[in-house]
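The residues making up each chain are set out below.
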Amino acid sequence: MSWAGWLRLIVVSGAVLLLEVLCRAGVIAKTVLPAPSVMAGDLYRLLASGTASADIGETLGNVAMAVIASILLGFVGGVAIHAMPRVRRALDPFLATYYAVPFFVFYPVLIVIFGLGAAPIVVIGTLFGVVAMLINTLNGLDRIPRVLLKTARVHGMDPVRTALMVKLPSAAPFLFTGAKLAIAYCFIGVIAAEFIMSSSGIGYSIAYAFNNFDNARMYALMLFIIVLVTVLNAVLFTWERRIMQRRRR
């Protein structure tokens, strides 16, 4: 593990330990926030009981579909817009203010178009994640060294080979950043949508627990989301670092 990894581990561990001490000492009331060790125990019992399995499975399925759609649409859209400078100049103001749009106001329209069920929730999750991937795709393509493109032309490489062997590897760090942001935003969009638009899923389960003062279930599910997203980002970071190391060799 690098020094940066150790530093992150120390900071997170220190924050968790401090929170544990404050909760155990009564500085933070148990009715407000249980100690991290208590949350972990509640999460273990919740997962072992299987009572949350259906909600977790539904949410993860919705998030997976939203992530796949966001990454694919964001990448393809970024490549297409990058190839049309005039279109990009026209869209830049909209991309810059995109996340100021309250997507949930479109839910009634989405119901009319897609009907009830998971589809509107997946669409909202995709709307949250797609532009993060699109913007990072544009940034990655912008930063491809021109000398590499000239070298590809000198060697007579066709557009497909240039894209696969020059553009894609050069833009890879930005694409990974876009994918990590898309995953985080899709989780936010899907779970937030389930809070107010669903009768199942992790978001609905958290909202139901909150309304019924079931702190144990609520914080256990929140901890599950935090741990899951952290692990996914760690996997992507490790994968990205290995690919970058292979490129340097």
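Rules used throughout
- In this convention, every chain numbers its residues from 1, walking through the sequence in written order.
- Where totals are concerned, whole chains, interfaces and linings use all residues; where local detail is concerned, this predicted model gives features only for residues with pLDDT of at least 70, and gives and counts side-chain atom pairs only at 80 or more.
- Calculated side-chain values reflect all of the structure's heavy atoms, with hydrogen atoms and water omitted.
- UniProt positions are given in the numbering used here, feature names are shortened, and annotations may be inferred rather than shown by experiment.
- A run of H or I in DSSP becomes a helix once it reaches four residues, and a run of E becomes a strand once it reaches two; helices and strands are each numbered from the N terminus.
- Whether a set of points on the 1 Å grid over the protein atoms alone is a cavity depends on a 1.4 Å probe fitting there but being unable to get out, while an open set qualifies as a pocket with protein on both sides within 12 Å along at least five of seven lines; lining residues are those with an atom within 4 Å of a point.
- Grid points are joined across faces, edges and corners, and a volume is the space filled by probe spheres set on the points.
- Gly falls in the polar group here, along with every residue not listed as nonpolar (Ala, Val, Leu, Ile, Met, Phe, Trp, Tyr, Cys, Pro) or charged (Asp, Glu, Lys, Arg).
- Note on aromatic pairs: the rings of Phe, Tyr and Trp (six-membered ring only in Trp) are paired at centre separations within 6.5 Å, and the planes decide the class, stacked below 30 degrees, edge-to-face beyond 60, tilted for the rest.
- Note on exposure labels: buried denotes an accessible area under 20% of the residue type's maximum, exposed denotes more than 50%, and partly exposed covers the range between, all computed with a 1.4 Å probe on protein chains only.
- Where helices are involved, their axes are fitted lines through C-alpha atoms of the stretch in contact, as for all axes, and angles between N-to-C directions lie from 0 to 180°.
- With respect to orientation, any angle under 35 degrees is reported as roughly parallel, any angle over 145 as roughly antiparallel, any angle of 65 to 115 as roughly perpendicular, and every other angle as oblique.
- Helix crossings get a hand from a simple test, with the near helix turned counterclockwise from the far one by less than a right angle marking a left-handed crossing and a clockwise turn marking a right-handed one.
- Any pair of residues with heavy atoms lying within 4.5 Å of one another is described as a contacting pair.
- When a carboxyl oxygen of Asp or Glu lies within 4 Å of a side-chain nitrogen of Lys or Arg, that pair is called a salt bridge.
- For the purposes of this section, nonpolar cores are sets of buried Ala, Val, Leu, Ile, Met, Phe, Trp, Tyr and Cys residues that join through side-chain atoms within 4.5 Å.
- Any residue with relative accessible area above 30% and no salt bridge may belong to a patch, with like charges joined within 9 Å and the nonpolar Val, Leu, Ile, Met, Phe, Trp and Tyr side chains within 5 Å.
- Each accessible area value is a Shrake-Rupley result obtained with a 1.4 Å probe; residue values ignore everything except the protein chains displayed when judging cover.

Asks: So what's going on with the UniProt feature "domain: ABC transmembrane type-1" (unreviewed entry) in the protein chain? Residues and values would help.
Replies: Within the UniProt annotation, "domain: ABC transmembrane type-1" (unreviewed entry) is assigned to residues 56-236. A helix fraction of 84% and a strand fraction of 0% characterise residues 56-236, whose end C-alpha atoms lie 21 Å from each other.

Asks: Hey, could you go over the layout of surface pockets for me, with residue numbers and the actual values?
Replies: Its boundaries defined by the atoms lining it, the second largest pocket holds a volume of some 330 Å³. Along the walls of the second largest pocket sit 16 residues, with Val79, His82, Leu141, Ile144 and Lys167 positioned nearest its centre. The set of elements that each furnish at least two residues to the lining of the second largest pocket consists of α3 (53-82), α6 (118-142), α7 (146-154) and α8 (159-197). Of all the elements, α8 adds the most residues to the lining of the second largest pocket, at six residues. Tallied by class, residues from the lining of the second largest pocket come to 11 nonpolar, two polar and three charged.

Asks: So what about the packing of aromatic side chains? Which residues, and what values?
Replies: Applying the stated criterion across every chain yields a total of three aromatic pairs. Considering the side-chain rings of Tyr99 and Tyr185, the 4.9 Å spacing of their centres and the 20° angle between planes classify their relative orientation as stacked. In this pair, Tyr99 sits in the loop between α4 (85-96) and α5 (107-114) while Tyr185 sits in helix α8, placing the two residues 86 residues apart along the sequence. The exposure class assigned to Tyr185 is partly exposed, which follows from its relative accessible area of 27%. In textbook terms, an aromatic cluster arises when at least three aromatic residues are bridged by ring pairs, as seen for Tyr98, Tyr99 and Tyr185.

Asks: Can you break down the packing of α3 against α8 residue by residue, with the values?
Replies: With their axes 8 Å apart at the nearest point, α3 and α8 run at an angle of 140° to one another. Relative to α8, the element α3 lies oblique. Our pair here, α3 against α8, has a crossing hand that is right-handed. Facing α3, whose interface residues are Thr59, Leu60, Asn62, Val63, Ala66, Val67, Ser70, Ile71 and Phe75, α8 presents Leu168, Leu175, Ala179, Ala182, Ile183, Cys186, Phe187, Val190, Ile191 and Glu194. Class assignment for the residues of the contact of α3 with α8 results in 15 nonpolar, three polar and one charged.

Asks: Lay out the pattern of salt bridges with the relevant residues and their values.
Replies: Two side chains carrying opposite charge are able to pair once their charged atoms lie near each other. The tally for this structure, following the rule as stated, stands at four salt bridges. The salt bridge involving Arg45 is made with Asp42; its shortest N-O contact spans 2.7 Å. Linking Arg45 with Asp42, this pair stays in helix α2 (residues 36-49), spanning three residues, or about one helical turn. Judged by relative accessible area, Arg45 falls into the exposed class, the value being 51%. Owing to a relative accessible area of 15%, Asp42 belongs among the buried residues under this scheme. Residues Asp55 and Arg217 are paired through a salt bridge, measuring 3.9 Å at the closest nitrogen-oxygen approach. With Asp55 in helix α3 and Arg217 in helix α10 (residues 215-248), this residue pair connects regions lying 162 residues apart in the sequence. The pair formed by Asp55 and Arg217 is uniform in burial state, with each residue classed as buried.

Asks: Break down unusual backbone geometry for me, with residues and values.
Replies: Glycine aside, negative phi is the norm for most residues, and most peptide bonds take the trans geometry. Here the phi dihedral of Phe213 falls at roughly 55°; this positive angle occurs in a residue that is not glycine. Along the polypeptide, Phe213 turns up in the loop between α9 (202-211) and α10.

Asks: So what about the nonpolar core? Which residues, and what values?
Replies: Among the nonpolar cores identified, the biggest contains 43 residues, and Ile124, Phe187, Ile202, Ile206, Leu221 and Ile225 are the most heavily contacted of them. For this core, the elements supplying multiple residues, two or more each, are α2, α3, α5, α6, α8, α9 and α10.

Asks: Before we move on, could you go through a nonpolar patch on the surface and cite the residues and values that matter?
Replies: Judged by side-chain polarity, Phe75, Val76, Val79, Val160, Leu164, Met165 and Leu168 come together as a nonpolar surface patch covering roughly 630 Å² of accessible area. Broken down by secondary-structure element, the contributors of at least two residues to the nonpolar patch are α3 and α8. Per element, the largest residue contribution to the nonpolar patch is four residues, and it comes from α8. By secondary structure assignment, the location of Leu164 is in helix α8.

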